[in-house]
Structure formats: structure tokens, C-alpha cells
Amino acid sequence: RDPARSPRHLIESAAAARYAQVMDSTDGPSTTPDTPAASVSPLATAASLLMLAAVVLLGIAIASEWATEKGFGESRTAARFTTQFLWDEIPADFDNFPLLWPIGAAMVLIVAGLVKRPLRALAIVGGIGAVLVSLLFMKSVNSLLDLWFMDDVAFGDCMGKGVWMCLVGGIVAIAGGIIGGI
């Protein structure tokens, strides 16, 4: 019996040949030589960056001024301005249920869309929510100026940078969600 023809020798020589083939075709041993490397599309990267930028913008919007001293007697951030103002120009109290909560909820939805690709639609929903908060705030400021005949105060003078940051953040989140869904 020839030892070069034994089953053990054939298996060892086939394994050695396969090892040499893998080593010659790559820079080193691969844990999974037959599977291609996963690639991330440029659109997915752009969508993730847009959603991340939206979350940062909304975070800045929460901390920024929403109501100016010129229009409301004192400066207020989203944490100190009531959500009731979005549908009622004369709220009972400016300090209960602040705008922080709906903007924070929009941020959570955007982060969910950022973290899980199948949930990208939630980023669009969060962006729409942020845009609606900003637009409803602007509508209420305009109604308040008309109600009190405040001709000496301009529309833009009543709103701080937080309103605009929230609006832009919502639009950026919507764009990121749409691009991520492609």
C-alpha cells in the first residue's frame, strides 16, 4: 500500500493546497475568505450624518432662546416655554409642560431612525414633528402680535434662535430620513 495514496495524505495535501491558495490571493489569512466585505453606501452615510446633524440642531434649539425679552418681557428657552402656546396665544401658565418635551420626543424618533435602518421612517416623523412645533410657534407669535396690536414689535424680534434651529433641524431630519430610505 502506497502512503502517498492514503486518505489521510490526500486530505492533508488538499488542505495545504487550499491554504497556499488563500495566502497567495490575500494579504494574509482571512476568517471568511469566501464572503465579500460588507460595504456601506455613500447615501446611507449621508443619511446618517444628516440625522446626526438634526439631533445636534434640535439639542441646540432646546437650549437656545425661543421667546425674546422684547416680545415676551423676558427671555425663555424651550425648557421654560409652555407647549400650550402652540394652539393658545394666551396660555394660562408659561411654565407647565415645556416645549422641551415635544422636541425631545422628535429627537428620540430621529435617533431611532439613525440607529436602526428599518426605522428610518421614524426620522421623518420626528422631523415633521420638529417642523410643526416651529411653525405652530411662529403662527402663535403672529396671532399674538395681531391680537395685541403690537405694531412697534417686529415678527422676528419676538422669536429667538431656538425656533429657527428647530425648523432647520426638522428639515434636515426629514431629508436624512428620505435619503436613508432610498
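In this text the structure is predicted, and so the values were computed from the model without any measurement.

Q: Could you clarify how one ought to interpret helix α4 (residues 100–115) in this entry?
A: Since the α-helix turns once every 3.6 residues, residues separated by three or four places project in the same direction. Across its 16 residues, α4 extends 22 Å between first and last C-alpha, which sits within 8% of the 22 Å expected from 1.5 Å per residue. Buried within α4 are the following residues: I103, A106, M107, I110 and G113. Buried residues of α4 fall within an arc of 120° about the axis and therefore sit on the same side. In this structure, α4 carries W101, V108 and V115 as exposed residues pointing more than 90 degrees from its buried face. Buried-residue contacts for α4 involve α2 (42–63), β1 (65–67), α5 (120–147) and α6 (161–181).

Q: What is the right way to look at the nonpolar core in this model?
A: As a rule of thumb, nonpolar side chains are buried together in soluble globular proteins. Formed by 37 residues in total, the largest nonpolar core has its most connected members in L58, W66, F72, L99, I103, F137 and V141. Of all the elements in the fold, those that place two or more residues in this core are α2, β1, α4, α5 and α6. Ranked by residue count, the leading element in this core is α5, at nine residues. With sequence-adjacent residues up to four places away left out, L99 is seen in contact with W66, A78, F81, T82, T83, L86, V133 and F137.

Q: Even after reading the chapter, I still don't get the side chain of S64, so can you show me in this structure?
A: With respect to the secondary-structure elements, S64 resides in the loop between α2 and β1. Only 2.7 Å separates the side chain of S64 from the backbone oxygen of I60, close enough to count as a polar contact. Apart from the residues within four sequence positions on either side, S64 is in contact with R76, T77, A78, K161 and G162.

Q: So what exactly am I meant to see when it comes to the packing of α2 against α6 here?
A: In helix packing, the relevant descriptors are the interaxial angle and the interaxial distance, both defined with respect to the helix axes. Interaxial distance between α2 and α6 falls to 8 Å at its minimum, and their mutual angle equals 160°. The angle between α2 and α6 places the two elements in the roughly antiparallel class. Seen along the crossing, α2 lies across α6 with a hand that is left-handed. Along the lines of polarity and charge, the residues of the contact of α2 with α6 split into 17 nonpolar, six polar and no charged.

Q: I tried to follow the packing of aromatic side chains on my own but got confused; where do I start?
A: Here a ring pair, both rings aromatic, is described through the centre-centre distance and the interplanar angle of the planes. Applying the stated criterion across every chain, the model contains two aromatic pairs. With centroids separated by 5.2 Å and ring planes inclined at 85°, the aromatic side chains of W66 and F137 adopt a geometry described as edge-to-face. Note that W66 is positioned in strand β1 and F137 in helix α5, a separation of 71 residues in sequence. Across the pair, exposure class does not vary: W66 and F137 are buried alike. Here F81 and F137 contribute two aromatic rings whose centre-to-centre distance is 5.2 Å and whose plane-to-plane angle is 65°, an arrangement assigned as edge-to-face. With F81 in the loop between β2 (76–77) and α4 and F137 in helix α5, the pair connects residues that are 56 residues apart, well separated along the chain.

Q: When you look at α6 in this model, what are you seeing that I'm missing?
A: Along its 21 residues, α6 runs 30 Å from first to last C-alpha, staying within 8% of the 30 Å computed at 1.5 Å per residue. Among all positions of α6, only G162, V163, C166, L167, G169, G170, V172, A173, G176, G177 and G180 are buried. At its buried positions, α6 is contacted by α2, β1, α4 and α5.

Q: Quick question: what am I supposed to make of the packing of α2 against α5 here?
A: Relative to each other, α2 and α5 sit at 35°, their axes nearing to 12 Å. The handedness of the crossing between α2 and α5 is left-handed. Only R120, A123 and A130 of α5 make contact with α2, whose side of the interface consists of A44, A47, S48, M51 and L58. By residue class, the composition of the contact of α2 with α5 is six nonpolar, one polar and one charged.

Q: Before we go on, may I ask you to explain a nonpolar patch on the surface in this structure?
A: Together, L49, L52, V56 and I60 line one region of the surface with nonpolar side chains, adding up to about 350 Å² of accessible area. Mapping L52 onto the fold places it in helix α2. The exposure class assigned to L52 is partly exposed, which follows from its relative accessible area of 45%.

Conventions used here
- Residues numbered from 1 in each chain as written.
- Predicted model: local features only at pLDDT ≥ 70, side-chain atom pairs only at ≥ 80, totals over all residues.
- Heavy atoms only, no water.
- Helix = DSSP H or I, 4+ residues; strand = E, 2+ residues; numbered from the N terminus.
- Expected span 1.5 Å × (residues − 1).
- Buried < 20%, exposed > 50% of the residue type's maximum accessible area, 1.4 Å probe, protein only.
- Arc of directions from axis to C-beta.
- Contact = heavy atoms within 4.5 Å.
- Core = buried A, V, L, I, M, F, W, Y, C linked by side-chain atoms within 4.5 Å.
- Polar contact = N/O pair within 3.5 Å; in protein donor to acceptor, adjacent residues only side chain to side chain.
- Axes fitted to C-alpha atoms, helices over the stretch in contact; angles between N-to-C directions.
- Parallel < 35°, antiparallel > 145°, perpendicular 65-115°, else oblique.
- Left-handed = near helix turned anticlockwise from the far one by under 90°.
- Nonpolar A, V, L, I, M, F, W, Y, C, P; charged D, E, K, R; others polar.
- Phe/Tyr/Trp six-rings, centres within 6.5 Å; stacked < 30°, edge-to-face > 60°.
- Patch = residues over 30% accessible without salt bridge, like charges linked within 9 Å, V, L, I, M, F, W, Y side chains within 5 Å.
- Areas by Shrake-Rupley, 256 points an atom, 1.4 Å probe, with all protein chains shown as cover.
- Salt bridge = Lys/Arg side-chain N within 4 Å of Asp/Glu carboxyl O.

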